[in-house]
Amino acid sequence: MILLPESSDIERTVDQPVLNVKNLHKAYHGQEVLKGVEFEIRKGQVKAVLGPSGSGKSTMLRLMALLEPADQGEILLNGNIIGTSVRNGKTSHLPERVLAKQRQDIGMVFQKFNLFPHLTACRNVMLGLTSVKGVSHTAAREHAMEMLERVGLANRADHYPSELSGGQQQRVAIARALVLNPAVMLFDEPTSALDPELVGEVLDVMEKLAAEGMTMIVVTHEVRFASRVASEVSLFDGGVIVEQSPPDDFFNRPQHERTRKFLSHVH
Ligand SMILES: Nc1ncnc2c1ncn2[C@@H]1O[C@H](COP(=O)(O)OP(=O)(O)OP(=O)(O)O)[C@@H](O)[C@H]1O
Ligand SMILES: [Mg+2]
């Protein structure tokens, strides 16, 4: 359960997980990277995921975002299996057009912003609406402007990515993900590619989203952000979630030796 301010109209208690990952496996060239990941997140929760380089954090997010198929396991969004279908006990991957539709519910923000350089900030945000959802240009522009407002960039709508700082580009990328109204937002080290002085503005936007009730999974090295904003913190290592607990427990009373060792390097 999460506690929210009295005035909030966000649901106070939450039951069914928004995203539920069961026994997720993935190997590359015979090398197993995900070894049975179990993960769930409920509405309005913010989960921070920490872990050493190469442990499989990005792979886990890419699978959750349906950008790559899992070898084994299930991903459920609001209780429904996505990415695969099961018929007569046999699991098969869904065709691309179905995946494209399911992906709209999962927003993803990458370390490198991946904006189209030939499109303005506003056009970058509009693209998902016009090309994926078939929304009219006028309505898409209006909606995109609202999202840019939300990330504090309405006054940069007509700038091209090359005319924006890294922090601003990442905020555009967040607006681009938000515009499709996803059920959950996945962030893969969203501030790692930024100059230190630009990290704060991106974290501020993410903190605001969290306060608005957005369900978020954030792979990050930003321990202060994790301890302040996350409802739960996980240590991901060796292809599995090793430990998961509220920030106070995670940072001050870690249960696993592996977590203690990891934190001793971070602090
Ligand atoms: N498409 C791919 N093909 C082959 N190997 C891959 C692929 N993607 C990831 N891997 C391998 O899987 C392992 C986990 O990679 P992943 O990027 O998920 O780790 P990570 O925890 O996100 O690391 P980092 O903190 O450095 O971002 C690595 O050994 C990586 O080389
Ligand atoms: Mg990664």
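What you are looking at is a predicted structure, and each value in this text was computed from that prediction instead of being measured.

Novice: Please provide a residue-by-residue account of the confidence of the model for the protein chain, values included.
Specialist: Reading predicted coordinates in detail is not appropriate for stretches of low pLDDT. Scored by pLDDT, the protein chain comes out at a mean of 92, with 94% of its residues at no less than 70. Low pLDDT, under 50, characterises residues 1-13; the predicted model gives this stretch 16 contacts beyond four residues in sequence or across chains.

Novice: Explain the sheet that holds strand E2 (residues 31-42) to me, and be specific about the residues and the numbers.
Specialist: Judged by pairing direction, the sheet is antiparallel, and its four strands sit side by side in the order E2-E1-E4-E5 without closing on themselves. Single-partner strands in this sheet number two, and they are E2 and strand E5 (80-82). Sheet twist, expressed as the average angle between the axes of neighbouring strands with direction ignored, equals 25°. Strand direction decides the pairing type here: strand E1 (residues 17-28) and E2, joined by nine bridges, are antiparallel. Among the inter-strand pairings, Asn20 is bridged to a residue of E2, identified as Glu40. The strands touched by helix H1 (residues 57-64) within the sheet are E1, E2 and strand E4 (72-77), with E1 carrying the most contacts at an inclination of about 120°.

Novice: Please provide a residue-by-residue account of the layout of surface pockets, values included.
Specialist: There is about 600 Å³ of room inside the largest pocket. Around the largest pocket, the lining is made up of 22 residues, and of these Ile106, Met108, Phe110, Arg176 and Leu180 lie nearest the centre. When residues of the lining of the largest pocket are traced back to their parent elements, those giving at least two are helix H2 (96-103), strand E8 (106-109), helix H3 (121-132) and helix H5 (166-178). For the lining of the largest pocket, the element with the highest residue contribution is H3, accounting for six residues. Partitioning the lining of the largest pocket into residue classes produces 14 nonpolar, six polar and two charged.

Rules behind the numbers
- Along each chain, the written sequence defines residue order, and numbers are assigned to residues from 1.
- Written order determines the labels here, with chains lettered from A and ligands numbered from 1.
- The predicted origin of the model limits local features to residues at a pLDDT of at least 70 and limits the giving and counting of side-chain atom pairs to 80 or more, whereas totals for whole chains, interfaces and linings rest on all residues.
- Side-chain metrics in this entry use all non-hydrogen atoms of the structure; hydrogen atoms and water are not considered.
- Think of pLDDT as the predictor's per-residue confidence, scored from 0 to 100.
- Note on contacts: a residue pair is in contact if any heavy atoms of the two residues lie within 4.5 Å.
- By the convention used here, strands pair only if DSSP detects at least 2 bridges between them.
- Labels follow the DSSP assignment, with helices taken as runs of H or I lasting at least four residues and strands as runs of E lasting at least two, numbered in each case from the N terminus.
- Only the stretch in contact is used when fitting a helix axis, every axis being a line fitted to C-alpha atoms; angles between N-to-C directions are given from 0 to 180 degrees.
- Cavity: a set of points on a 1 Å grid over the protein atoms alone where a 1.4 Å probe fits but cannot get out. Pocket: an open set with protein on both sides within 12 Å along at least five of seven lines, its lining residues, like those of a cavity, having an atom within 4 Å of a point.
- Grid points are joined across faces, edges and corners, and a volume is the space filled by probe spheres set on the points.
- In this classification, Asp, Glu, Lys and Arg are treated as charged, Ala, Val, Leu, Ile, Met, Phe, Trp, Tyr, Cys and Pro as nonpolar, and every other residue, Gly included, as polar.

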